[in-house]
Amino acid sequence: PGPLMAGKRGLIMGVANERSIAYGIARVLAGQGAEIAYTYQGDAFGRRVIPLAESLGGKIILPCDVVDLASVDSVFDTLKEKWGKIDFLVHALAFSDRNELKGRYADTTRDNFINSMVISCFSFTEIAKRAAALMTDGGSMITLTYGGSTRVVPRYNVMGVAKAALEASVRYLAVDFGPQGIRVNGLSAGPMRTLAGSGVSDARVIFNYQKLHSPLRRTPTLDEVGGAALYLLSGLSTAVTGETHYVDSGYNIVAMPRPEMINE
Ligand code: NAD
């Protein structure tokens, strides 16, 4: 068989730099023959993202801030004009005020709750709806999530609540778009050393804790997250939808540290 993404076109949102999960996914998909359009959040990011996207053969590289719906619409107008249809979407973006990614969840402010929800959760629904309209031959979309959605990870706070809502929206969207042959899944990555990841205070502790306590005793690599995204976006997973798929070295299955790690 030829490359798994040969003849497939899609949009990847959320590349900030070469450590971004979105970039790791783009690299794997491009290596399998995908033709990819990219968005970046404003000019400062653009200076970094445009050369990276070009190095992977990207020709459509557009600014988009999901707070500004007009910029989202303009991306999909361009895709419709240049490509007519798309086959896949990667939503790999999130935001919360880093002042609230420390201390207690209970101290979250209303403003930051709304902002975090709109950018990190509802943007996926808004974008999925626009992407689905262009997936006229069916398609596959993923969003990036994290296990702080279902279990408490210290400092993750409002982002955990936003990821829980994001994972619920994956299930609702899967039902809405299923009849059109469009699949919707969440990819739940273990902690990665990225710009967004470093916004969570004590990120190093969380990272090292996962290393010590996951069955594989390490954190996932960008290529491994990319490989799982390839599975979810390609013809390898055509009966899979509405799932939250963990790519976390198995961390989520563990209930407690190994007995030898506990000093009594
Ligand atoms: P990153 O900093 O490389 O990427 C985050 C992206 O979000 C950036 O490209 C940024 O421009 C974009 N973004 C933020 N606000 C935006 C807005 N208003 N409009 C448009 N774009 C906006 O970090 P990352 O870790 O690769 O994050 C990608 C996704 O992966 C996020 O959803 C994150 O929550 C998720 N995730 C991260 C980890 C981790 O440990 N780093 C683990 C699991 C899931």
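Residues numbered from 1 in each chain as written. Predicted model: local features only at pLDDT ≥ 70, side-chain atom pairs only at ≥ 80, totals over all residues. Heavy atoms only, no water.

(A) The arrangement of unusual backbone geometry in detail. Located in the positive-phi region is Asp202, a residue other than glycine, with phi close to 65°. Here Asp202 lies in the loop between strand 6 (182–189) and helix 6 (203–213). Here Asp202 falls in the partly exposed class, since its relative accessible area comes to 38%. Residues other than glycine seldom take positive phi values, yet Ser249 does so here, at roughly 60°. (Helix = DSSP H or I, 4+ residues; strand = E, 2+ residues; numbered from the N terminus. Buried < 20%, exposed > 50% of the residue type's maximum accessible area, 1.4 Å probe, protein only.)

(B) Region of the structure containing the pattern of salt bridges. The final tally for this structure, using the stated rule, is ten salt bridges. Here Arg27 and Asp223 are joined by a salt bridge, their closest N and O atoms 3.1 Å apart. One end of the pair, Arg27, is in helix 1 (residues 21–31); the other, Asp223, is in helix 7 (residues 222–233), and 196 residues separate them in sequence. With a closest N to O distance of 3.5 Å, Glu260 and Arg258 form a salt bridge. A residue is classified by how much of its surface remains accessible, and Glu260, at 61% relative accessible area, is exposed. The partly exposed category is assigned to Arg258, whose relative accessible area is 23%. Linked by salt bridges that have partners in common, Lys85, Asp87 and Asp137 make up one network. (Salt bridge = Lys/Arg side-chain N within 4 Å of Asp/Glu carboxyl O.)

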